[in-house]
Amino acid sequence: MSKQTFVYQDGKVIPKAEATERGGLSLIRDIEPYQNMKDRGWITSRSQHREFLRRNNFVEVGNEYNKQFS
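I will try to describe carefully the structure that is included in this document. Everything numeric here is computed off the predicted structure, so don't read it as measured data.

A word on helix H1 (residues 46–55). His49, Phe52 and Leu53 are the residues of H1 that are buried. One side of H1 carries all its buried residues, which in axial view fall inside an arc of 95 degrees. Along H1, the residues that are exposed and aim more than 90 degrees away from the buried face are Arg54 and Arg55. Looking at the buried residues of H1, the elements they touch are strand E3 (34–35) and strand E4 (42–43).

As a further point, take a nonpolar patch on the surface. Judged by side-chain polarity, Phe6, Tyr8 and Val13 come together as a nonpolar surface patch covering roughly 380 Å² of accessible area. If you trace the backbone, Tyr8 turns up in strand E1 (residues 6–9).

Rules used throughout
- Residues numbered from 1 in each chain as written.
- Predicted model: local features only at pLDDT ≥ 70, side-chain atom pairs only at ≥ 80, totals over all residues.
- Heavy atoms only, no water.
- Buried < 20%, exposed > 50% of the residue type's maximum accessible area, 1.4 Å probe, protein only.
- Helix = DSSP H or I, 4+ residues; strand = E, 2+ residues; numbered from the N terminus.
- Arc of directions from axis to C-beta.
- Contact = heavy atoms within 4.5 Å.
- Patch = residues over 30% accessible without salt bridge, like charges linked within 9 Å, V, L, I, M, F, W, Y side chains within 5 Å.
- Areas by Shrake-Rupley, 256 points an atom, 1.4 Å probe, with all protein chains shown as cover.
- Salt bridge = Lys/Arg side-chain N within 4 Å of Asp/Glu carboxyl O.

Written out as structure tokens, the structure reads:
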């Protein structure tokens, strides 16, 4: 005897085997281009943003790591 799994779809609880798959991929928009404050160059993608932070040893406010609390 195997367990049956249920899902909530269209306001009803139905067996997972009967559920219809929807959507597929979920996409996240890239960042809006911005001009950095160091050399006034333009950052146009998340990868450029990460590289700029790494290259300049910068940390985003709110994402910093504090050794005191770990």
